[in-house]
Amino acid sequence: MIGISSIQFLPVILLKRLDLYIRDVPQTPRILIVGLNYSPEKTGIAPYTASMASGLSRCGFQVRAITAHPHYPEWRILPGYGRWSQDEHLSGVSVRRLRHFVPSNPRAARRLLSELSFGVRAVLTRWSSPSLVVVVSPALFASAMVALRVIVAGHRVPIVVWVQDLYALGMAETGQGGRLASRVTRWVERWLLRAADAVVVIHDRFAERIEQDFDVQRDRITTVRNWTHLPAMSPPDVRTVRARYGWADDDIVVLHSGNMGVKQGLHNVVQAAARAASDGSHLRFVMMGDGSKREEMVRLAEQLGAPVQFLPSQRETDFIDAIQSADVLLVNELPGVSEMAVPSKLTSYFAAGRPVVAATDTDGITAGEIRSARAGVVVPAGDARALVEAAAALGADASKARRLGQNAREYQRSVLSETNAIDQFATLLSRLIDGDGAGKHDTHRTTID
């Protein structure tokens, strides 16, 4: 028989048992992803960040993303966006967009200020107690600010740095910034990568450079390859698509898509178009997209009398049709660019099943990808004559073009798989949250607010 005193303590006993039960129930891991770029931006890093976030959500994580309003590669905020803060729910991900400084002319100092303004806003935003934080670099300086907040908060959660481009190396290869800026950038990048519990890179060459240049232990670096963010491609009505863009049946269409910035070094493409026109060639050079150097390329084409066709960024279905209807897909890089990045357009190019011409450092990462995939031809960066000759030869050899395109599509399917990438990433995050990762930090981990 239960006495009155026992009954009085019954609610306390029940609450204690309930508390123990709640503690025993596995909590859904909460992932915070902080990156400057996110969908609906169509080029660069944004599609990968958004796809990975939604993929992790499908794997059972509770995912939140802190990002900026869409502005790249146009360098202006898209219509419908621009409020001080804006919340969305996209493909299972809670997305908070923050207004930051967007320079119309993103030269080095202004671009840095843009990053810093986003970093300040990301650090001052409420994070809702994540179990783990993923920062996307670039933006390097914003990522470092976020990592610093995690460290100084006192209650340590794992930090993962997802490296899409090597920042300091990029400055050196593109000739941007002075000696002091390069030293500061290198120091910040080294600090960030060494402070992280894990570093995820998109290519093994990145892993080698990070280990050698920044003395990061190799077992803390994981390679997760990027993938095509486009849906499965159905064969288009090529004749109709080409007619829509004014491409004649006998034109050999050489299409460059995506960002037109410093790294792309597109001057030689305009020069190649001028050379092809003077030779009476059927080569037709097309630049589709936007970027900080687009207007400069338009002016150069006018000066040289080069018949380059400039097209704006296309909606997804039109973009897919265009890259499948071109004869040659072009990757072009500034002379000297070798190790800093893997062009994001390659994944879409390979999925399109068209041959690729890469005008790039013949020993660089991009050239290595083309050779590994057996998907195209590599010519030296900045060599307009070699570009014209390679494109004309591919356009004249339908059998070779078809074989290279088939190789490209098979490489995309077997090596650049979205499913594999998300599974790898999810496995790494689970290990880190459970305390089984290869991170060097042994401090007690709890959540931060």
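Residues numbered from 1 in each chain as written. Predicted model: local features only at pLDDT ≥ 70, side-chain atom pairs only at ≥ 80, totals over all residues. Heavy atoms only, no water.

J.: I tried to follow the overall build of the protein on my own but got confused; where do I start?
T.: The secondary structure content of the protein amounts to 16 helices and 14 strands. Relative to the globule expectation of 22 Å for 449 residues, the C-alpha radius of gyration of the protein, 25 Å, shows essentially globular dimensions. Along the three orthogonal principal directions, the C-alpha set of the protein runs to about 105 × 50 × 40 Å. By the burial criterion, 54% of the 449 residues in the protein qualify as buried. Excluding contacts between residues fewer than 6 apart, the proportion of contacts in the protein whose partners are at least 24 apart in sequence is 74%. Just so you have it, the protein exposes about 20,200 Å², and 51% of that area is on carbon and sulfur atoms. Distance between charge centres in the protein, computed from 52 positive and 45 negative side chains, equals 5 Å. (Helix = DSSP H or I, 4+ residues; strand = E, 2+ residues; numbered from the N terminus. Rg over C-alpha atoms; globule rule 2.2 N^0.38 Å. Buried < 20%, exposed > 50% of the residue type's maximum accessible area, 1.4 Å probe, protein only. Contact = heavy atoms within 4.5 Å. Areas by Shrake-Rupley, 256 points an atom, 1.4 Å probe, with all protein chains shown as cover. Lys, Arg positive; Asp, Glu negative; His and termini not counted. Charge placed at Lys NZ, Arg CZ, Asp CG, Glu CD.)

J.: Looking at this structure, I do not really get the UniProt feature "domain: Glycosyl transferase family" (unreviewed entry) in the protein. What am I missing?
T.: What UniProt calls "domain: Glycosyl transferase family" (unreviewed entry) maps, in this numbering, to residues 240-410. Structurally, residues 240-410 is divided into 47% helix and 18% strand, and its ends, taken at the C-alpha atoms, are 26 Å apart. (UniProt positions renumbered as here; feature names shortened; annotations may be inferred.)

J.: Where do I start with the sheet that holds strand E14 (residues 376-380) in this structure?
T.: Neighbouring strands of a sheet are bound in pairs by backbone hydrogen bonds; such pairs are parallel or else antiparallel. A sheet is described by the order of its strands in space; here six strands give the open sequence E11-E10-E9-E12-E13-E14, paired in parallel fashion. At either end of the open sheet lies a strand with only one pairing partner, and these are strand E11 (309-311) and E14. Averaged over all pairs of adjacent strands, the angle between their axes in this sheet comes to 25°, without regard to strand direction. Bridging between strand E9 (residues 252-257) and strand E12 (residues 328-332) involves two bridges; their strand directions are parallel. Its bridge partner being in E12, Val254 is matched across the sheet by Val328. (Pairing = 2+ DSSP bridges. Axes fitted to C-alpha atoms, helices over the stretch in contact; angles between N-to-C directions.)

J.: I tried to follow helix H6 (residues 179-195) on my own but got confused; where do I start?
T.: An α-helical turn contains 3.6 residues, so a residue and the one three or four places further along point in the same direction. Its 17 residues place the ends of H6 24 Å apart at the C-alpha level, agreeing with the 24 Å of an ideal helix rising 1.5 Å per residue. Buried within H6 are the following residues: Thr185, Val188, Glu189, Leu192, Leu193 and Ala195. Down the axis of H6, the buried side of the element spans an arc of 165°, and every buried residue falls inside it. Facing away from the buried side of H6 by more than 90 degrees, the exposed set consists of Arg179, Leu180, Arg183 and Trp187. Those residues of H6 that are buried lie in contact with helix H4 (140-152), strand E6 (159-163), helix H5 (167-174), strand E7 (198-201) and helix H7 (204-214). (Expected span 1.5 Å × (residues − 1). Arc of directions from axis to C-beta.)

J.: Sorry, what's going on with the pairing of E9 here?
T.: The two faces of the sheet receive side chains in turn, since in a regular strand these alternate between them. Among the six residues of E9, six are classified as buried, and the element is accordingly described as predominantly covered. Alternating residues of E9 divide into Ile252, Val254 and His256 and Val253, Leu255 and Ser257, and every residue in both groups is buried. Where E9 meets strand E10 (residues 283-288), six bridges bridge the pair, whose relative direction is parallel. Within the sheet, the bridge partner assigned to Val253 lies in E10 and is Arg284. In this fold, E9 hands off to helix H9 (residues 267-278), which returns the chain to E10; that crossover is right-handed. (Right-handed = clockwise from strand over helix to strand, strands pointing away.)

J.: Before we go on, may I ask you to explain the nonpolar core in this structure?
T.: Proteins that are soluble and globular tend to have nonpolar side chains buried together. Core analysis: the biggest nonpolar cluster contains 75 residues, and Leu56, Val134, Trp162, Val163, Ile210, Phe425 and Leu429 have the highest contact counts within it. In this structure Leu429 touches Ile31, Leu56, Phe61, Leu132, Val134 and Val160, once residues within four positions along its chain are discounted. Counting residues in hydrophobic clusters, the runner-up holds 33 residues, among them Ala272, Leu300, Val328 and Leu394. (Core = buried A, V, L, I, M, F, W, Y, C linked by side-chain atoms within 4.5 Å.)

J.: Looking at this model, I keep getting lost on the domain arrangement of the protein. Mind explaining?
T.: A common way to report how large an interface is uses the accessible area buried once the components associate. Taken domain by domain, the protein holds domain 1 (24-223) and domain 2 (238-416). The C-alpha-based centres of domain 1 and domain 2 are spaced at 29 Å. Contacts between the two partners involve 22 residues from domain 1 and, on the opposite side, 26 residues from domain 2. Note on domain 1 versus domain 2: buried area summed over both sides is about 1,800 Å², and carbon and sulfur give 55% of it. Of all residues in domain 1, Glu173, Thr174 and Arg205 give up the largest surface area on contact with domain 2, accounting jointly for 30% of the area buried on that side. Summed over the shared surface of domain 1 and domain 2, the number is zero salt bridges. Inspection of the region where domain 1 meets domain 2 yields five residue pairs in polar contact (both at pLDDT 80 or more). Looking at the side of domain 1 that touches domain 2, the elements that each hand over two or more residues are H5 and H7. Counting residues per element, the side of domain 1 that touches domain 2 draws most heavily on H5, at four residues. A class-by-class count of the residues in the side of domain 1 that touches domain 2 yields nine nonpolar, six polar and seven charged. (Domains from an automatic or database assignment. Buried area = accessible area lost by both parts, 1.4 Å probe. Salt bridge = Lys/Arg side-chain N within 4 Å of Asp/Glu carboxyl O. Polar contact = N/O pair within 3.5 Å; in protein donor to acceptor, adjacent residues only side chain to side chain. Nonpolar A, V, L, I, M, F, W, Y, C, P; charged D, E, K, R; others polar.)

J.: I would appreciate a short explanation of the pattern of salt bridges in the present structure.
T.: Between side chains of opposite charge, a pair can form when the charged atoms approach closely. By the definition in use, this model includes 14 salt bridges. Across the salt bridge formed by Glu88 and Arg97, the nearest N and O atoms sit 2.4 Å from each other. Measuring nitrogen to oxygen at the nearest pair gives 3.4 Å for the salt bridge that ties Asp197 to Arg156. Separated by 41 residues along the polypeptide, Asp197 in the loop between H6 and E7 and Arg156 in the loop between H4 and E6 bring together distant segments of the chain. The class for Asp197 is buried, based on a relative accessible area of 1%. Exposure remark for Arg156: the relative accessible area of 7% places this residue in the buried category. Shared partners join several salt bridges into a network, and the residues in it are Arg244, Arg315 and Asp318.

J.: Help me understand H5, please; the structure alone is not making it clear to me.
T.: In terms of residue burial, H5 counts as a mostly covered element, since seven of its eight residues are buried. Looking at H5, one finds that the buried residues are Tyr167, Ala168, Leu169, Gly170, Met171, Glu173 and Thr174. For H5, the elements touching its buried residues are helix H3 (108-124), H4, H6 and H7. Within two residues after H5, Gly175 carries a phi angle of roughly 70°, on the positive side.

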